[in-house]
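Fold and geometry: a report
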Amino acid sequence: MAGPLAGHRVIEVAGIGPGPFCAMLLADMGADVIRIDRQDGPPGSRQDISGRGRRSLALDLKRPEAIEAVLRLCDAADALIEGFRPGVMERLGLGPEVVRGRNKRLIYGRMTGWGQEGPMAKEAGHDINYISLTGALHAMGRAGEPPAPPLNLVGDYGGGGMLLALGILAALVERGRSGEGQVVDAAMVDGAALLMAPIYGMAARGRWSGRAGNMLDGAAPFYDSYACACGGFVAVGPIEPAFFSEMLHRMSLSEAEFEGRMDPANWHAQKQRLAVAFRQKTRDEWAAIFAGSDACVTPILSMTEAPAHPHLRARGTFTEQDGTLQPAPAPRLSRTPSSLSRPPSLRGEHGREVLEEAGFTATEIESLLRKG
């Protein structure tokens, strides 16, 4: 079965981080994604998971004929993805005014850190910088310690690549009504702020007291991780009273010791009591004790262990392609499911195929693929 985006073509001007992640999502959903790589760029790797699902055409975008080739590909495309600083695509001659001037139906997806305008728009940055200005990074970490970076999941991927994919899909839906594409300005700083909407909502209701003192940031005894006898860890999250009672019952702890559990004044002492208790058994012993319960206690698995967990194996949350273990496409659609198609491409390996399909002559192809 074809994915939900089968029949749609996307041109991806190669970048790093969130742009390729967005392209991966669209390719998983069945889009024909053609990545425009630099001829002198990285060679590519079959293990570059976020590069899966598309074909690669390597061009020298300093040459006018290469720019014209990209424009011709965009003439028959549904969307373009780029992740450069503002103004770069315009200087190349591939800005939205030029591209959409030739193809009004094209959706032009722009992925940046700071957005297309604003005083910092043209400054360099990375995930940690974008989430630092939105309040997200400040809210993470232990009391008395510097805020802990959450990998680069919040800015690059959740607030970046997924946001751009959502914008492109929304624009595709709207195009079905209007017949016209539009420009999608997806900024990681905007996306990171958007992901913080529930936390800002708590603050507005007086339910957020600042860093490292709240129910969801590791301050509460019932929402944190604890060390076990083996050196491993468990994740503990029984927020609701019934779930918390279930946890205490399975740990043979008295509920009297945890009276007033929602009062932050009691949290430190109650966390210490739980910390002592969890150190009495190994992580896997606790996993067996809490299996099948509503106690909301789970083992903290490494990336090596996670794919073998029975639940994730049953759902097929991870899959393998050409010997590379990787997360499976998501979300799951009942009638037009996403799937893995091509493995990650090497730089330029589909160039001749793509250009021939697009109607370029043999002479044009030889000239475009020639280096130097």
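Scroll up a little and you will see the structure.
Attention in this report is confined to the structure presented alongside it. The model shown is predicted, which means the values in this text are computed figures rather than measured ones.

1. Here's the deal with the pattern of salt bridges
Using the criterion set out here, one finds 25 salt bridges in the structure. Between Glu-68 and Arg-102 there is a salt bridge; the shortest N-O distance is 3.4 Å. Placement of the pair is Glu-68 in helix H2 (residues 64–75) and Arg-102 in helix H4 (residues 96–102), with a sequence separation of 34 residues. Glu-68 gets classed as partly exposed once you look at its relative accessible area, which sits at 34%.

2. Description of the packing of H2 against helix H14 (residues 362–369)
Geometry of a packed helix pair, given as the angle between the helix axes and the separation of the axes. At a minimum axis separation of 10 Å, H2 and H14 run at an interaxial angle of 120°. Considering the angle they form, H2 stands oblique to H14. For the element pair H2 and H14, the recorded crossing hand is left-handed. Side by side, H2 and H14 meet where Glu-65, Ala-66, Ala-69 and Arg-72 of the first sit next to Glu-364, Ser-367 and Leu-368 of the second. Residue composition of the contact of H2 with H14, grouped by class: 3 nonpolar, 1 polar and 3 charged.

3. So, the side chain of Gln-321
Tracing the sequence through the fold places Gln-321 in strand E10 (residues 318–321). Within the local environment of Gln-321, its side chain forms a polar contact with the backbone oxygen of Ser-341, the two atoms lying 3.0 Å apart. Not counting the four nearest positions on each side in its chain, Gln-321 is found in contact with Gln-326, Leu-340, Ser-341, Arg-342, Pro-343 and Pro-344.

4. Here we look at the environment of Asp-78
Its place among the elements puts Asp-78 in the loop between H2 and strand E4 (79–82). Measuring from C-alpha to C-alpha, the distance between Asp-78 and Gly-213 comes to 47 Å, with 135 residues separating the pair along the chain. Apart from the residues lying within four places of it in its own chain, the contact partners of Asp-78 are Gly-7, His-8, Arg-9, Arg-105, Leu-106, Ile-107 and Arg-175. Only 2.8 Å separates the side chain of Asp-78 from the side chain of Arg-175, close enough to count as a polar contact.

5. Comments concerning the packing of helix H1 (residues 18–28) against helix H6 (residues 153–178)
Here H1 crosses H6 at 50°, and the two axes come no closer than 8 Å. Judged by the angle between their axes, H1 and H6 are oblique. Considering only the axes of H1 and H6, their crossing is right-handed. Only Asp-156, Tyr-157, Gly-160, Gly-161, Met-162, Leu-164, Ala-165, Ile-168 and Leu-169 of H6 make contact with H1, whose side of the interface consists of Pro-18, Phe-21, Cys-22, Leu-25 and Leu-26. When the residues that make up the contact of H1 with H6 are grouped by side-chain class, the tally is 11 nonpolar, 2 polar and 1 charged.

6. Points about the sheet that holds strand E9 (residues 297–299)
Here we have 3 strands laid out as an open sheet, ordered E7-E8-E9, and antiparallel in their pairing. Looking at the sheet topology across the chains shown, the edges are occupied by strand E7 (224–227) and E9. Adjacent strand axes in the sheet meet at a mean angle of 30° when their direction is disregarded. Pairing of E7 with strand E8 (residues 233–236), which is carried by 4 bridges, proceeds in the antiparallel orientation. Each bridged residue has a counterpart across the sheet, and for Ala-227 the counterpart in E8 is Phe-233.

7. What to know about the nonpolar core
Across soluble globular proteins, you tend to see nonpolar side chains buried next to one another. Residues Val-10, Cys-22, Leu-26, Ile-81, Ile-107, Leu-164 and Ile-168 are the most contacted members of the largest nonpolar core, which totals 28 residues. Elements that contribute at least two residues to this core include exactly H1, E4, strand E5 (107–112), H6, strand E6 (183–187) and helix H7 (188–195). Counting 26 residues, the second largest nonpolar core, distinct from the first, contains Cys-74, Val-99, Tyr-108 and Phe-360.

8. Let's talk about the packing of aromatic side chains
According to the stated counting rule, one finds 8 aromatic pairs in the structure shown. Relative to Tyr-157, the ring of Phe-21 has its centre 5.1 Å away and its plane inclined at 65°; by these criteria the two rings are edge-to-face. With Phe-21 in helix H1 and Tyr-157 in helix H6, this pair connects stretches of sequence that are 136 residues apart. Given the relative accessible area of 23%, Tyr-157 is considered partly exposed. Here Phe-222 and Trp-267 contribute two aromatic rings whose centre-to-centre distance is 6.1 Å and whose plane-to-plane angle is 90°, an arrangement assigned as edge-to-face. Highlighted residues: Phe-222 in the loop between helix H8 (197–204) and E7 and Trp-267 in helix H10 (residues 267–278), separated in sequence by 45 residues.

Reading the values: rules and limits
Residues numbered from 1 in each chain as written. Predicted model: local features only at pLDDT ≥ 70, side-chain atom pairs only at ≥ 80, totals over all residues. Heavy atoms only, no water. Salt bridge = Lys/Arg side-chain N within 4 Å of Asp/Glu carboxyl O. Helix = DSSP H or I, 4+ residues; strand = E, 2+ residues; numbered from the N terminus. Buried < 20%, exposed > 50% of the residue type's maximum accessible area, 1.4 Å probe, protein only. Axes fitted to C-alpha atoms, helices over the stretch in contact; angles between N-to-C directions. Parallel < 35°, antiparallel > 145°, perpendicular 65-115°, else oblique. Left-handed = near helix turned anticlockwise from the far one by under 90°. Contact = heavy atoms within 4.5 Å. Nonpolar A, V, L, I, M, F, W, Y, C, P; charged D, E, K, R; others polar. Polar contact = N/O pair within 3.5 Å; in protein donor to acceptor, adjacent residues only side chain to side chain. Pairing = 2+ DSSP bridges. Core = buried A, V, L, I, M, F, W, Y, C linked by side-chain atoms within 4.5 Å. Phe/Tyr/Trp six-rings, centres within 6.5 Å; stacked < 30°, edge-to-face > 60°.

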